[in-house]
Amino acid sequence: MSNNFSKMRTLVVEPQNIDPSSYAARTTQSLIEELTQRTIDIVTAKSYEDAKAVILASQIDSLVLTLDKSEEQIVHSEEEIDLLNTLKDRQSEVPVFLLAERARTSILANRKLMERVDECYSVLEDTADFVAGRIVAAMRRYREQVLPPLMKAMMQYNDIHEYSWSAPGHQGGIGFTKTPAGNQFHQFYGENLFRTDMGIERAALGSLLDHTGAFKDSEVEAAKVFGAHESYSGIVGTSGSNRTIMQACLKDDDIAIIDRNCHKSIEQGLILTGARPVYMAPTRNCYGIIGPISKSTMAAANIEKMIAEGKMTKDAKNKKPKYAVVTNCTYDGMVYNSEHAESLLSESSNRIHMDEAWFGYARFNPVYQGHFAMRGDAKDHQGPTVFATHSTHKLLNALSQASYIHVRNGEDAIDFDRFNQAYMMHTSTSPLYAICASNDVAANMMKGQSGLSLTNEVIREAVIFRQSVRKLFNDYTADGDWFFKPWNAEVVTETNGDKVKFEDASVESLMTVQDNWKLHPEDKWHGFDNMENDWCMLDPIKVSLLTPGLDDKGNFLEKGVPAALVSAYLGRFGIVPTRTTDFQVMFLFSMGITKGKRDTLVNTLLSFKRHYDKNASLETILPELVESAPEVYKGLGLRDLGDRMFEYLVRHNPAQVLNEAYSTLPEVELKPRTAYQHIVANEVELVPSDKLEGRVAAHSVIPYPPGIPMLMGGENFGSESSPQIQYLKALEAWDDEFPGFEHETEGAEKEHGKYHVLCIKTDAL
Ligand SMILES: Cc1ncc(COP(=O)(O)O)c(C=O)c1O
């Protein structure tokens, strides 16, 4: 198989203590020459620390370790073992070769070292040519063996160099080369993408839709890695995966228990199925951060009550809901104790779906234990049927649109053929195999120790970042000054049980002691009034920083630094936070994190503070903003604008209005499907915010942040003073006052300074 798309790479570790004129050094050199002649890429490291850095930053196909230690030294040697542990954590099967002369016999006495080495050579006995040949053969075997099933099959198929007479029409990319633009497209993405973009007639690979051949093998492997009974590889994002599950579980008029903090694909699932929703509203804290749904809201008694009282559902009060969905983790990084959540919801429904679009890595790190859907061993599963959906492309490593559905069959399990009917509706008969292969690789990357190693690295960086910001916060506040404050516990538990300040804790304890991330009812830092014990933890890698402006109870301070301004500033430096509320900016740490990226963020926060405190001119700091609205911003400094924004927030308190808009759910008049049908029939009209009283929305209205539907299709805006209408008006006023800082509100169009929402015509109701 031509698995030589990239050159194979050997890391040669030759510690500095080796005398360059020694026999060991010379034989290593001749081995390097032999490997180079075989077009192997050689990376050399002169210290164990260097070697570790190479291992952590890149992939190698073999490691050659030259030892020139005495017999006595080698028997007690630990540093080589430490290096090889780092390697095996990341690339468990990579071949390791030891070149040793002096200590040849005593190496055998160091069992730990020998366990981690594949072959051990004496270059006095074997020629460099022979050793190089064995290394190359081992590297080839390694490359073949590390490939997951689908990727391997695709590479093998690519070797055939077929002439195809079917779609896709570009025929391995050749079609693109016929015009200059096409040619650039071809060159930009490279040959292999096009060569492996094949129609589904290639029976040798099997079929994604029928789950056969290499596709089946890949899904079986993914199920093992993610702890599912069955896994389905999705190519329409978690959006498609969510809709698939809903279509497999729900039919017209069934009752569905829906987390109000849901992605819009869930609303689309309701539209497609015609199910009747009852919504579980999440909690919100004083900073506007969305918390978990409370236990009492999830409890069967409450769900029964909501069904009995809902306008759409009251005639179905004896019907058991057919499906329940919870977003885990939430957009703000809140994670449920999923064992408790599953057990509570299973009192109401036999099918539970955890939308873990942003949480696919949880199974691989013990810090998340008990807080994700596919816990423990699939064979021990009892209770409801549980689904998890993962956007592998979000926080694992896969191409956009790649997603997995993982299933644990329990009560009311859906057999494979029936489920596949729904699956096929949300796939395509012409899937891009590269997406499927990236899913295959995403699963493979998390297999064995590498899942732990990769997640540990992200968590470590996030922890160090949080601690650095907290230390800066402490330093500045001690001087009566201000800085950003990480949103996390203030006092934590060390691995030995001692209580310490967060910033003084060992990184190890913050990476491993789950309790350090739990939201305890008695703690003040999280700002949730009625947090339940052992119900929710904060995901360490979803880092929120609070800007000054609110006290612990959510009351305005005298001065504040609006987060919108911080995000605008960061944006100028190519740093894009994942979320910004009034006094919160949030950053996602993912596997693409580097120390440079982490430290640049700290530097940029510091430079924001410097410019803010100096009241640097907006014309210098945010020139595009001033150009876009000189009548508002010309002549202002950064702090002037911050003060103006803060004053506005104090005066209008939009967070309070938003809180009200989310604390009372609007009246459901129609099912989301019926509302949608009015759109299809064109029985809808755009209605301005001052005329929304009593109108029924045709689709959902989702303000960002928080990104939660404020209104779903088919829900009534209520009276003129309803918080939903008031919130849209508050947004208008903010947008007028601060052009360039408009909030995004999905489902509301801005015309002539007013938000308009598509509503169902009154006479069509
Ligand atoms: C909770 C949740 N579910 C589902 C999705 C959809 O995922 P995808 O973009 O993979 O379709 C998202 C996207 O942001 C999400 O946040």
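Because the structure is predicted, anything quoted here is derived from the model rather than measured.

S.K.: Just give me the short version of the overall build of the protein, but keep the residues and values in it.
M.R.: Regarding its fold elements, the protein presents 29 helices and 25 strands. For a compact globule of 765 residues, the expected C-alpha radius of gyration is about 27 Å, and the protein comes in at 29 Å, within 12% of that figure. Taken along its principal axes, the extent of the C-alpha atoms in the protein is 90 × 70 × 60 Å. Buried positions account for 46% of the 765 residues belonging to the protein. Within the protein, residue pairs in contact and separated by at least 24 positions form 70% of the contacts whose partners lie at least 6 positions apart.

S.K.: Describe the domain arrangement of the protein, naming the residues involved and giving the relevant values.
M.R.: One frequent convention defines the size of an interface as the accessible area lost when the parts assemble. Each assigned domain of the protein is listed with its residue range as follows: domain 1 (9–146), domain 2 (150–195), domain 3 (208–447), domain 4 (451–649) and domain 5 (654–764). For domain 3 versus domain 5, the distance between C-alpha centres works out to 27 Å. With 17 residues of domain 3 at the interface, the matching set in domain 5 holds 20 residues. Secondary-structure elements contributing two or more residues to the side of domain 3 that touches domain 5 are helix H12 (264–273) and strand E8 (276–280). Ranked by residue count, the leading element in the side of domain 3 that touches domain 5 is H12, at four residues.

S.K.: Give me the pairing of strand E6 (residues 230–234): which residues, what numbers.
M.R.: With five of its five residues buried, E6 lies for the most part within the structure. Of the two faces of E6, the one lined by Glu 230, Tyr 232 and Gly 234 and the one lined by Ser 231 and Ser 233 are each fully buried. Across five bridges, E6 lies against strand E13 (residues 403–408) in antiparallel orientation. Bridging across to E13, Glu 230 finds its partner in Val 407.

S.K.: So, the sheet that holds strand E1 (residues 9–13): which residues are in play, and what are the values?
M.R.: Pairing is parallel across the open sheet formed by five strands, whose spatial order is E2-E1-E3-E4-E5. At either margin of the open sheet sits one strand with a lone partner, and together these are strand E2 (41–45) and strand E5 (119–121). Neighbouring strand axes in the sheet, compared pairwise and without regard to direction, differ in orientation by 20° on average. Bridge analysis of E1 against strand E3 (residues 62–67) gives four bridges, and the strand direction is parallel. If you follow Leu 11 over to E3, its bridge partner there is Leu 63. Sheet strands in contact with helix H6 (residues 128–146) are E1, E3, strand E4 (96–100) and E5, and its direction is about 145° off that of E3.

S.K.: Go over the site of the ligand with me, naming the residues and quoting the values.
M.R.: The full set of residues close to the ligand is Gly 237, Thr 238, Ser 239, Asn 242, His 263, Ser 265, Thr 327, Asp 355, Ala 357, Trp 358, Ser 391 and Ser 403. The element that contributes the greatest number of residues to the shell around the ligand is helix H11 (residues 237–249), accounting for four residues. Residue composition of the shell around the ligand, grouped by class: two nonpolar, nine polar and one charged.

S.K.: Lay out the UniProt feature "coiled-coil region" (unreviewed entry) in the protein with the relevant residues and their values.
M.R.: On the UniProt side, "coiled-coil region" (unreviewed entry) is annotated at positions that read residues 60–87 here. Counting secondary structure, residues 60–87 comes out at 50% helix and 21% strand; the distance between its end C-alpha atoms is 9 Å.

S.K.: Provide a residue-level description of helix H17 (residues 416–425), including the pertinent values.
M.R.: Buried within H17 we find Phe 419, Ala 422 and Tyr 423. The buried residues of H17 occupy an angular sector of 105° when the element is viewed end-on, so they sit on one face. Residues of H17 that are exposed and point over 90 degrees away from its buried face: Asp 417, Arg 418 and Gln 421. In this structure, the buried residues of H17 make contact with E6 and H11.

S.K.: Report on unusual backbone geometry, specifying residues and quantitative values.
M.R.: Look at the link from Asn 328 to Cys 329: it is a cis peptide, with omega at 5°. If you trace the backbone, Cys 329 turns up in the loop between strand E9 (323–327) and strand E10 (334–336). If you check the backbone angles, His 752 has positive phi at about 45° while not being a glycine. Relative to the assigned elements, His 752 resides in the loop between strand E24 (748–751) and strand E25 (754–760). Given 6 C-beta atoms within a 10 Å radius, His 752 is considered exposed.

S.K.: An account of the environment of Ala 299 is needed here, citing residue identities and associated values.
M.R.: Tracing the backbone through its elements, the reader meets Ala 299 in the loop between helix H13 (295–298) and helix H14 (300–309). Residue class for Ala 299 comes out partly exposed when judged on the 15 C-beta atoms lying within 10 Å of it. Spatially, the C-alpha atom of Ala 299 lies 7.7 Å from that of Glu 347, the residues being 48 residues apart in sequence.

S.K.: Quick one: what's the story with the sheet that holds strand E12 (residues 385–390), residue by residue and with numbers?
M.R.: A sheet is described by the order of its strands in space; here seven strands give the open sequence E6-E13-E12-E11-E9-E7-E8, paired in mixed fashion. Strand pairing shows two members of the sheet lacking a second neighbour, E6 and E8, which therefore form its edges. Averaged over all pairs of adjacent strands, the angle between their axes in this sheet comes to 20°, without regard to strand direction.

S.K.: I'd love a proper account of the nonpolar core, names of residues and values included.
M.R.: Judged by nonpolar contacts, the single largest core of 177 residues is most densely connected at Leu 565, Val 757 and Cys 759. The leading source of residues in this core is helix H18 (residues 433–445), at eight residues. Dropping the residues within four chain positions of it, Cys 759 is found in contact with Val 684, Glu 685, Val 687, Arg 695, Val 696, Ala 697 and Ala 698. In terms of nonpolar packing, the next biggest core, distinct from the first, is built from 32 residues, Val 12, Val 96, Leu 99 and Ala 100 among them.

S.K.: Hey, could you go over the environment of Asp 332 for me, with residue numbers and the actual values?
M.R.: Relative to the elements of secondary structure, Asp 332 occurs in the loop between E9 and E10. Accessibility expressed as a C-beta count within 10 Å gives 27 for Asp 332, which makes it buried. For Asp 332 and Met 586, which are 254 residues apart along the polypeptide, the C-alpha to C-alpha distance reads 7.9 Å.

S.K.: Describe the packing of helix H27 (residues 654–663) against helix H29 (residues 723–737), naming the residues involved and giving the relevant values.
M.R.: At a minimum axis distance of 8 Å, the contact between H27 and H29 shows a crossing angle of 150°. With respect to H29, the axis of H27 lies roughly antiparallel. Relative to H29, the crossing made by H27 is left-handed. Contacts between H27 and H29 involve Pro 654, Val 657, Leu 658, Glu 660 and Ala 661 from the first element and Pro 723, Gln 724, Gln 726, Tyr 727, Ala 730 and Trp 734 from the second. When grouped by side-chain class, the residues that make up the contact of H27 with H29 number eight nonpolar, two polar and one charged.

Cut-offs and rules
- Residues numbered from 1 in each chain as written.
- Predicted model: local features only at pLDDT ≥ 70, side-chain atom pairs only at ≥ 80, totals over all residues.
- Helix = DSSP H or I, 4+ residues; strand = E, 2+ residues; numbered from the N terminus.
- Rg over C-alpha atoms; globule rule 2.2 N^0.38 Å.
- Buried ≥ 20, exposed ≤ 12 C-beta atoms within 10 Å, placed from the backbone.
- Contact = placed C-beta atoms within 7 Å.
- Domains from an automatic or database assignment.
- Pairing = 2+ DSSP bridges.
- Axes fitted to C-alpha atoms, helices over the stretch in contact; angles between N-to-C directions.
- Near = placed C-beta within 6 Å.
- Nonpolar A, V, L, I, M, F, W, Y, C, P; charged D, E, K, R; others polar.
- UniProt positions renumbered as here; feature names shortened; annotations may be inferred.
- Arc of directions from axis to C-beta.
- Core = buried A, V, L, I, M, F, W, Y, C linked by C-beta atoms within 7 Å.
- Parallel < 35°, antiparallel > 145°, perpendicular 65-115°, else oblique.
- Left-handed = near helix turned anticlockwise from the far one by under 90°.

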